[in-house]
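Structure at a glance
The chain contents come next:
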Amino acid sequence: SAASDVYKRQVYAKLLWPVPAQELKEALQGADIRITIEQNYQAQFAGLVTQKTGLFFDYEVVKYNGRPMSLSEILDALRKIALGQSPKRTVLKHGH
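Only a predicted model underlies this, so the values are computations on that prediction, with no experimental measurement involved.

The rules we used
Residues numbered from 1 in each chain as written. Predicted model: local features only at pLDDT ≥ 70, side-chain atom pairs only at ≥ 80, totals over all residues. Heavy atoms only, no water. pLDDT = per-residue confidence, 0-100. Helix = DSSP H or I, 4+ residues; strand = E, 2+ residues; numbered from the N terminus. Buried < 20%, exposed > 50% of the residue type's maximum accessible area, 1.4 Å probe, protein only. Contact = heavy atoms within 4.5 Å. Phe/Tyr/Trp six-rings, centres within 6.5 Å; stacked < 30°, edge-to-face > 60°. Lys NZ or Arg CZ within 6 Å of the ring centre and 35° of its normal. Axes fitted to C-alpha atoms, helices over the stretch in contact; angles between N-to-C directions. Parallel < 35°, antiparallel > 145°, perpendicular 65-115°, else oblique. Nonpolar A, V, L, I, M, F, W, Y, C, P; charged D, E, K, R; others polar.

The next point concerns the confidence of the model for the protein. Per-residue pLDDT for the protein averages 87, and the proportion of residues at 70 or more is 90%. For the protein, helix 1 (residues 2-5) is the element with the lowest average pLDDT, namely 51, and strand 2 (residues 59-62) is the one with the highest, namely 96.

What follows is the structure, given as structure tokens:
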């Protein structure tokens, strides 16, 4: 299904500085769709990755109300992206 195709690759950066630019570029370069999921308003890590690698993200899923992200709201956002029913930026609001 379209939704399951979204979950093919995940990159989790443990080291933020210095930015592992070459490793991130290699991991993200072949992706058809790049999605960042971040716990801040500006998707700051995506901006840093773009600055250091030249690669852009197609979608941002962010939450900035101080509450943790739930698995169900992340999966819902990813399903909408996979089905072409999502804006470029999704703000998660569960728990506000």
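From this point on, the discussion continues.
So, on to the environment of R9. Within the secondary structure, R9 is located in the loop between helix 1 and helix 2 (21-28). Between the alpha carbons of R9 and A27 there is a distance of 8.5 Å; along the sequence they are 18 residues apart.

A few words on the side chain of T90. Mapped onto the fold, T90 is located in strand 3 (residues 89-91). On the basis of relative accessibility, which here comes to 16%, the residue T90 falls in the buried class. Other than its neighbours up to four places away in sequence, T90 contacts E60, V61, V62 and A77.

On to helix 3 (residues 44-53), then. Along helix 3, the residues that are buried comprise A46, L48, V49, T50 and T53. Positioned one or two residues after helix 3, G54 has a phi angle of 80°, which is positive.

With that settled, the discussion passes to the packing of aromatic side chains. Across all of its chains, the model carries one aromatic pair by this definition. Taking 4.8 Å as the distance between ring centres and 85° as the angle between the ring planes, the aromatic pair formed by Y41 and Y64 counts as edge-to-face. Taken together, the positions of Y41 in the loop between strand 1 (35-38) and helix 3 and Y64 in the loop between strand 2 and helix 4 (71-82) put the pair 23 residues apart, joining distant regions of the chain. When its relative accessible area of 42% is taken as the criterion, Y64 is described as partly exposed. A cation sits over an aromatic face here: K88 above Y59, 4.7 Å from the ring centre. In this structure, R89 packs its charged tip against the face of Y41, placed 4.8 Å from the ring centre.

Helix-helix packing is described using two parameters, namely the angle between the two axes and the distance between the axes. Two numbers describe how helix 2 lies on helix 3: the axes approach to 10 Å, and their chain directions differ by 100°. Taken together, the axes of helix 2 and helix 3 lie roughly perpendicular to each other. Residues A21, L24, K25 and L28 of helix 2 touch helix 3, and the partners they reach there are F45, V49, K52 and T53. For the contact of helix 2 with helix 3, a count of residues per class yields five nonpolar, one polar and two charged.

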